[in-house]
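Chains, contacts and geometry: an overview
Chain by chain, the residues run as shown.
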Amino acid sequence: MNSSTNKATGFDPAIVKAIAAQSGLTVTFKDTRFEQLIPSLKSGNIDLIASALYITKDRAKQVDFIPYITTGSSIVIRTGSAALTSITDLCGKSVAAIKGGNQSADLRGAASTQCTAAGKKAIDVHEFPTDPEGTQALISGQVDAQISDAAVAAQLNSSTKNKVKVSSTSLLYPIPVGFAVKKGNTELKNRITQGLEKIKKNGQYKTLLKKYNLGAVDQAQVDKVLQ
């Protein structure tokens, strides 16, 4: 959500609106904390998750996915700070990450193990309920960097009036992303899938991917993740 307008902005709201227009659906956005997304879907509080939800084997047991993009993470730093271009550059640094996201586990696990194996300090991960809270911590100097979904990170320079910027030079942890519907909600899944195919054919999908620097869904990658 844009804090000044209280309106949903960014890639996910844009693609959902495009799909809804092609599917005859009416959309109402709810600002939900990341760790509450799947519980809210299961309880019927929301009908669709469209929030850069990474496809994982565990999540696929809880929801029905509709793969739609390939994304990854980006490192964000305060403008004027020394560049941090790769995960190993985060060794010994304090890093903001969204609570419940894959990035936190990756940074505390494999990435920190790589750091200590090289004789460096582990990454000091600070979890926040939302990306904006992590960004504010970065701006205020509470953390050295923030790791965030690439599509979200791409908008931070303008939304913070150049206070922060993307520092990494390539997608980190590329992974397929899916819309999620409640298990067994075949009707909605089919309507979203059909709408997605329509915007692929009319060019809207390609335009949105280019604008937000994202990749098209790679079914082989999805299959590998779900093995």
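Residues numbered from 1 in each chain as written. Predicted model: local features only at pLDDT ≥ 70, side-chain atom pairs only at ≥ 80, totals over all residues. Heavy atoms only, no water.

**Considerations on the overall build of the protein chain**
Heads up, the rule is: Helix numbers and strand numbers start at the N terminus; a helix is a DSSP run of H or I with at least 4 residues, a strand a run of E with at least 2. Each radius of gyration is computed over the set of C-alpha atoms, and the globule rule expresses the reference value as 2.2 Å times the number of residues to the power 0.38. Surface accessibility in these figures is a Shrake-Rupley result with a 1.4 Å probe; residues are shielded only by whichever protein chains are displayed. Charge assignment in this entry is limited to Lys and Arg as positive and Asp and Glu as negative, and neither His nor the chain termini are counted. To locate a charge, the coordinates of NZ of Lys, CZ of Arg, CG of Asp or CD of Glu are taken.
Along its length, the protein chain carries 10 helices and 8 strands. Against the compact-globule benchmark of 17 Å for 227 residues, the protein chain has a radius of gyration of 18 Å, which places it among compact chains. With the principal axes as the frame, the protein chain shows a C-alpha extent of 55 × 40 × 30 Å. When the accessible area of the protein chain is evaluated, it comes to approximately 11,600 Å², of which 49% is carbon and sulfur surface. When the 28 basic and 18 acidic side-chain charges of the protein chain are each reduced to a single mean position, those positions are 4 Å apart.

**Thoughts on the packing of helix α1 (residues 11-23) against helix α9 (residues 204-212)**
When two helices pack together, you describe them by how their axes are tilted relative to each other and by the distance separating the axes. Basically, it comes down to this: To obtain an axis, a line is fitted to C-alpha atoms, over the contacting stretch when the element is a helix, and the angle between two such axes runs from 0 to 180 degrees between their N-to-C directions. Here is the rule for angles: anything less than 35 degrees is roughly parallel, anything more than 145 is roughly antiparallel, 65 through 115 is roughly perpendicular, and the remaining ranges are oblique. Only heavy atoms matter for contacts: two residues are in contact if any of them lie within 4.5 Å across the pair.
At a closest axis distance of 11 Å, the pairing of α1 and α9 adopts a crossing angle of 175 degrees. Between α1 and α9, the crossing angle belongs to the class labelled roughly antiparallel. Of the residues in α9, those touching α1 at Phe11, Ala14, Ile15, Ala18 and Gln22 are Gln204, Tyr205, Leu208, Leu209 and Tyr212.

**What to know about the pairing of strand β3 (residues 94-98)**
Using the following cut-off: Each residue is assigned to one of three classes by its accessible area relative to the maximum for its type, calculated with a 1.4 Å probe on protein chains only: buried under 20%, partly exposed between the two thresholds, exposed over 50%. Between any two strands, at least two bridges found by DSSP are needed for them to pair. For the handedness criterion, the strands are oriented away from the viewer, and a crossover whose path from the first strand over the helix to the second runs clockwise is classed as right-handed.
A large share of β3 lies buried, amounting to 5 of its 5 residues. For β3 and strand β4 (residues 124-128), the ladder comprises 5 bridges, and the chain directions are parallel. Its bridge partner lying in β4, Ser94 is registered against Asp124. The handedness of the β3 to β4 crossover, carried by helix α4 (residues 102-117), is right-handed.

**Looking at the layout of surface pockets**
Quick note on the threshold: Buriedness of a pocket was judged along seven lines, with at least five required to meet protein on both sides within 12 Å; pockets are open sets of points on a 1 Å grid over the protein atoms alone, cavities are sets where a 1.4 Å probe fits but cannot get out, and lining residues have an atom within 4 Å of a point. Grid points are joined across faces, edges and corners, and a volume is the space filled by probe spheres set on the points. Side-chain classes follow a simple rule in which Ala, Val, Leu, Ile, Met, Phe, Trp, Tyr, Cys and Pro form the nonpolar group, Asp, Glu, Lys and Arg form the charged group, and the remainder, Gly included, forms the polar group.
Of the pockets and cavities examined, the second largest pocket occupies roughly 170 Å³. Forming the boundary of the second largest pocket are Phe34, Glu35, Leu37, Ile38, Pro39, Leu53, Thr56, Asp58, Arg59, Gln62, Gly100 and Asn102. Going through the elements one at a time, α2 (37-43) and α3 (57-60) are the ones with two or more residues in the lining of the second largest pocket. In terms of residue class, the lining of the second largest pocket is built from 5 nonpolar, 4 polar and 3 charged.

**Here we look at the environment of Ile69**
With respect to the helices, strands and loops of the structure, Ile69 is situated in strand β2 (residues 63-78). In sequence terms Ile69 and Leu226 are 157 residues apart; their C-alpha atoms lie 16 Å from each other. Setting aside residues up to four positions removed in sequence, Ile69 forms contacts with Phe11, Ile175, Pro176, Val177, Tyr205, Leu209, Leu214, Gly215, Ala216 and Val217.

**Observations concerning the nonpolar core**
The cut-off we apply is this: Among the buried residues, those of types Ala, Val, Leu, Ile, Met, Phe, Trp, Tyr and Cys that are joined through side-chain atoms within 4.5 Å form a nonpolar core.
Counting residues in each nonpolar core, the largest one holds 23 residues, and the members touching the most others are Phe11, Ile15, Tyr68, Ile69, Phe179 and Leu196. Counting residues per element, the ones that place at least two in this core are α1, β2, β7 (172-182), α8 (186-202) and α9. Counting residues per element, this core draws most heavily on α1, which supplies 5 residues. Not counting residues within four places of it along the chain, the set of residues in contact with Phe11 comprises Tyr68, Ile69, Ala151, Leu208, Leu209, Tyr212 and Leu214. Of all hydrophobic cores here, the second largest spans 16 residues; its members include Ile87, Val95, Ala111 and Val125.

**Digging into the packing of aromatic side chains**
Selection criterion: We call Phe, Tyr and Trp rings a pair once their centres come within 6.5 Å, taking the six-membered ring for Trp, and we label the pair stacked below 30 degrees between planes, edge-to-face above 60, and tilted otherwise.
For the coordinates displayed, the defined rule picks out 3 aromatic pairs. Centre to centre, the rings of Phe11 and Tyr68 are 6.3 Å apart; their planes meet at 5 degrees, and the pair counts as stacked. Highlighted residues: Phe11 in helix α1 and Tyr68 in strand β2, separated in sequence by 57 residues. Assessed through its relative accessible area of 4%, Phe11 is described here as buried. Judged by centre distance (3.8 Å) and plane angle (5 degrees), the rings of Tyr68 and Phe179 are stacked. In this pair, Tyr68 sits in strand β2 while Phe179 sits in strand β7, placing the two residues 111 residues apart along the sequence. Residue Phe179 is classed as buried on the basis of its relative accessible area of 0%. In this structure an aromatic cluster arises from ring pairing among Phe11, Tyr68, Phe179 and Tyr212.

Function cannot be inferred from these measures alone, as they are strictly geometric.
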